[in-house]
Amino acid sequence: EEEFKWLLQEEVHAVLRQLQDILKEASHRFALPTSGSGAAVRQENFVLSTSGTDQVKGVLTLQGDALCQADVNLKMPRNNQLLHFAFREDKQWKLQQIQDARNHVNQAIYLLMNRDVNYQFKTGSEVLKLMDAVMLQLSRARNRLTTPATLTLPEIASSGLTKMFTPVLPPDILVNFYINLNKLCLTVYQLHVLQPSTTKNFKPAGGSILHNPGAMFEFGSQRYEVSHVHKVECVVPWLNDALVFFTVSLQLCQQLKDKISVFSSYWNYRPY
């Protein structure tokens, strides 16, 4: 009983302080300005590349949760024509995954700090409830970075991203940016128009993170098929840091839950 009391009064608070420190570090990695701080967020340049092909090359400029510049060269396989397109100067693309992940981290920090400094936990179930709530936010933060959204090809075609480039993207090119783990990814789809006389059985593709050649879709009054897919990416080191912090924090939460559960099961089943 004394040991359990010590766990609730001492060790739980030590773990909560440790979690706060780790998650504040994670939050700082996202490098977004706090409201009203007026501080500028640093810009970082990343070179896009992939092994075994030079069809797509480019440089992306990331500023917090926004792509503020994108400069891309695309070599067309049909005629080796080189296309160059970049963001218009007045445009930037918000990466919702980064924004959402940071919001979940901050919600976890709020849960950990939302009590008086002299607060004492009375029961093990109270601690378990708090750990579950924190772990839910951390799992959601991690999932936003590890699980990109599934999109249909018409959704990509109608995305605001297609209107951000100068010169304007040709109608047979689609692009999509997303985060996958610690990487910032660009997918370029080259399309060809399916003629009404085609003997191909038209079957529109559903939602996917990455569509394969042969995927078909209808947009406007035109039917298209994906002829080539190019995926290039760059590692964002601070995203890697954030994912490590999430993993360590989840492990700490689980370890504390396990200790509480051991004591709780002892009190539930002890002989009288």
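What counts, and where the lines are drawn
Residues numbered from 1 in each chain as written. Predicted model: local features only at pLDDT ≥ 70, side-chain atom pairs only at ≥ 80, totals over all residues. Heavy atoms only, no water. Core = buried A, V, L, I, M, F, W, Y, C linked by side-chain atoms within 4.5 Å. Buried < 20%, exposed > 50% of the residue type's maximum accessible area, 1.4 Å probe, protein only. Helix = DSSP H or I, 4+ residues; strand = E, 2+ residues; numbered from the N terminus. Contact = heavy atoms within 4.5 Å. Disulfide = S-S within 2.5 Å. 1 Å grid on protein atoms, 1.4 Å probe; cavity = no way out; pocket = protein on both sides within 12 Å on 5 of 7 lines; lining within 4 Å. Points joined across faces, edges and corners; volume = space filled by probe spheres on them. Nonpolar A, V, L, I, M, F, W, Y, C, P; charged D, E, K, R; others polar. Expected span 1.5 Å × (residues − 1). Salt bridge = Lys/Arg side-chain N within 4 Å of Asp/Glu carboxyl O. Phe/Tyr/Trp six-rings, centres within 6.5 Å; stacked < 30°, edge-to-face > 60°. Lys NZ or Arg CZ within 6 Å of the ring centre and 35° of its normal. Pairing = 2+ DSSP bridges. Axes fitted to C-alpha atoms, helices over the stretch in contact; angles between N-to-C directions.

What about the nonpolar core?
Then comes step 1: Counting residues in each nonpolar core, the largest one holds 66 residues, and the members touching the most others are Phe30, Met131, Val175, Phe177, Leu186 and Phe246.
Then comes step 2: Ranked by residues supplied to this core, first place goes to helix α5 (residues 237–269) with 12 residues.
Then comes step 3: Contacts of Met131, omitting those with residues within four sequence positions, involve Leu16, Leu19, Leu112, Cys253, Leu256 and Lys257.

Remarks on the state of the cysteines
Then comes step 1: Taken as a whole, this structure holds zero disulfides when the rule is applied.
Then comes step 2: You can see Cys185 has no disulfide; the closest cysteine sulfur is in Cys234, sitting 7.8 Å from it.
Then comes step 3: Judged by its relative accessible area of 0%, Cys185 is buried.

Here we look at the layout of surface pockets
Then comes step 1: Here the largest pocket defines a volume of roughly 280 Å³.
Then comes step 2: Around the largest pocket, the lining is made up of 17 residues, and of these Trp93, Ala149, Leu151, Asn176 and Phe177 lie nearest the centre.
Then comes step 3: Secondary-structure elements contributing two or more residues to the lining of the largest pocket are β5 (93–94), α2 (96–113), α4 (153–157) and β7 (173–180).
Then comes step 4: In terms of residues, the lining of the largest pocket owes the most to one element, β7, which gives four residues.
Then comes step 5: A class-by-class count of the residues in the lining of the largest pocket yields 10 nonpolar, four polar and three charged.

With respect to helix α3 (residues 124–146)
Then comes step 1: Here α3 contains 23 residues, and its C-alpha end-to-end distance of 32 Å stays within 8% of the 33 Å for a straight helix at 1.5 Å per residue.
Then comes step 2: What α3 keeps buried is the set Gly124, Val127, Leu130, Met131, Val134, Met135, Gln137, Leu138, Ala141 and Leu145.

Considering the pattern of salt bridges
Then comes step 1: Counted according to the given criterion, the structure contains 10 salt bridges.
Then comes step 2: Counted as one network, the salt bridges with shared partners bring together Glu25, Arg29 and Asp241.

Quick word on the environment of Leu243
Then comes step 1: Tracing the backbone through its elements, the reader meets Leu243 in helix α5.
Then comes step 2: Residue classification places Leu243 among the buried residues on the basis of a relative accessible area of 11%.
Then comes step 3: Sequence spacing of Leu243 and Gln63 is 180 residues, and the spatial spacing of their C-alpha atoms is 19 Å.
Then comes step 4: Residues in contact with Leu243, not counting those within four places in the same chain, are Arg142, Leu145, Thr146, Leu181 and Asn182.

Considerations on the packing of aromatic side chains
Then comes step 1: Using the criterion set out here, one finds six aromatic pairs in the structure.
Then comes step 2: Aromatic side chains Phe217 and Tyr224 sit 5.3 Å apart centroid to centroid with 20 degrees between the ring planes, which places their arrangement in the stacked category.
Then comes step 3: Judged by its relative accessible area of 2%, Phe217 is buried.
Then comes step 4: Accessibility expressed as a relative area gives 12% for Tyr224, which makes it buried.
Then comes step 5: Chaining the aromatic ring pairs together yields one cluster made of Phe85, Phe87, Phe165 and Phe177.
Then comes step 6: Taking the ring centre of Tyr119 as reference, the NZ or CZ of Lys122 above it sits at 5.7 Å.
Then comes step 7: Sitting over the ring of Phe202, Arg223 keeps its end group 4.0 Å from the ring centre.

Some points on the sheet that holds β7
Then comes step 1: Ordered in space as β7-β8-β10-β9, the four strands form an open sheet in which the pairing is antiparallel. This sheet does not close on itself; its edge strands, each paired only once, are β7 and β9 (216–219). Each strand axis lies, on average, 40 degrees off the axis of its neighbour in the sheet, ignoring direction.
Then comes step 2: Bridge count between strand β8 (residues 183–193) and strand β10 (residues 222–235): 11 bridges; the pairing is antiparallel. Residue pairing for β10: Tyr189 is matched across the bridge by Val229.

Note that all results are geometric; they support no functional claim without further evidence.
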